Amino acid sequence: MKVKLLTYTPNPELVVAACATTSFKRKGPSHTFEKYSKEGEEEKIKKIIRDLIRRNHLSPIEHVSFTFALEGVSRSLTHELVRHRIASYTQQSQRYVKVDTKEEWYVIPKSYEGEMRKKFVERMKIIAKWYEDDIKKGIKYEDARFLLPNATKTNIVVTMNARELLHFFNLRCCQRAQWEIREVATEMLRLVKKVAPTIFENAGPSCMKGFCPEQDLMPEECKKLGIKEIQRRFLELK
């Protein structure tokens, strides 16, 4: 899979700081924006953002957004991804784009190893033949796609604001999340940390807050690592 940050709100942390002070400053946000744009104001910006997140006053961080390209991910992943409703999506269409079954057109789950992996590949070859044969017989792409599995690769563009991203990371960076979307979420987090480090400095699974909200369902790997080790890994994510 490939995860790329295509674009984002310029100066995202400056924008958040200017928006945050609007509610309790007499002067307008344009004045605050210009003031905090000056050299030497970086620490004030960081303090404002940290105070917002600490107090759970998150509406100002909705003013900045991030757009990602996810390429070569499975349709299974995108079915999960689009359940996050406060976002915009544009996905490769199987109505208009024929799946190229001559290439590696599907994702193989990691649990398929050895003989099971061979069987998985053979089954994909059978499905590919059905798909190609039906198209040759005049079936439209939009109908032939009904044969295709959730493993089929796709491309999707997703845009989320920073507040929704924090929520997304809480759920999808968690060890209980499905492996593919967890890998995508972790890579997305790594990318936004580079451009908005203060907003996302404590981002990650819900246990970054110091407790696991699903403790009764905690995977064995989490129990072995412990919350502090999981926190350390995400805090050091680069």
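Further up the page is the structure itself.
As the structure is a computational prediction, the values presented were derived from the model and not from experiment. (Residues numbered from 1 in each chain as written. Predicted model: local features only at pLDDT ≥ 70, side-chain atom pairs only at ≥ 80, totals over all residues. Heavy atoms only, no water.)

## Regarding the pattern of salt bridges
Next, step 1: Scanning the model with the defined rule gives 17 salt bridges in all.
Next, step 2: Taking the shortest distance from any N to any O, the salt bridge between R54 and D51 comes out at 3.1 Å. Taken together, the positions of R54 and D51, both in helix α3 (residues 42-54) and 3 residues apart, correspond to about one turn of that helix.
Next, step 3: The residue R232 makes a salt bridge to E236 at a minimum N-O spacing of 2.7 Å.
Next, step 4: Residue R232 is classed as partly exposed on the basis of its relative accessible area, which comes to 36%. (Salt bridge = Lys/Arg side-chain N within 4 Å of Asp/Glu carboxyl O. Helix = DSSP H or I, 4+ residues; strand = E, 2+ residues; numbered from the N terminus. Buried < 20%, exposed > 50% of the residue type's maximum accessible area, 1.4 Å probe, protein only.)

## As for helix α8 (residues 179-195)
Along an α-helix, residues three or four positions apart point the same way, because every turn accommodates 3.6 residues.
Next, step 1: The end-to-end C-alpha distance of α8, which contains 17 residues, comes to 25 Å, matching closely the 24 Å that a straight helix rising 1.5 Å per residue would cover.
Next, step 2: Those residues of α8 lying buried are E180, I181, R182, V184, A185, M188, L189, R190, L191, V192 and K193.
Next, step 3: Tucked into the core, α8 has its buried residues touching β1 (2-8), β2 (65-74), α4 (75-81), α7 (162-172) and α10 (227-235).
Next, step 4: Sitting at the head of α8, Q178 places a side-chain oxygen 3.0 Å from the backbone nitrogen of E180. (Expected span 1.5 Å × (residues − 1). Contact = heavy atoms within 4.5 Å. Polar contact = N/O pair within 3.5 Å; in protein donor to acceptor, adjacent residues only side chain to side chain.)

## Structural notes on a nonpolar patch on the surface
Next, step 1: A surface patch of nonpolar side chains, amounting to about 280 Å² of accessible area, comprises I126, W130 and L147.
Next, step 2: Looking at the secondary structure, you find I126 in helix α5 (residues 114-136).
Next, step 3: Owing to a relative accessible area of 44%, I126 belongs among the partly exposed residues under this scheme. (Patch = residues over 30% accessible without salt bridge, like charges linked within 9 Å, V, L, I, M, F, W, Y side chains within 5 Å. Areas by Shrake-Rupley, 256 points an atom, 1.4 Å probe, with all protein chains shown as cover.)

## Digging into the side chain of T152
Next, step 1: Among the secondary structure elements, T152 is positioned in the loop between α6 (141-144) and β4 (153-161).
Next, step 2: Side-chain polar atoms of T152 contact the backbone oxygen of P149, separated by 2.8 Å.
Next, step 3: Sequence-distant contacts of T152, defined by excluding residues within four places in its chain, comprise V73, S74, R75, Q94, V99, W105 and Y106.

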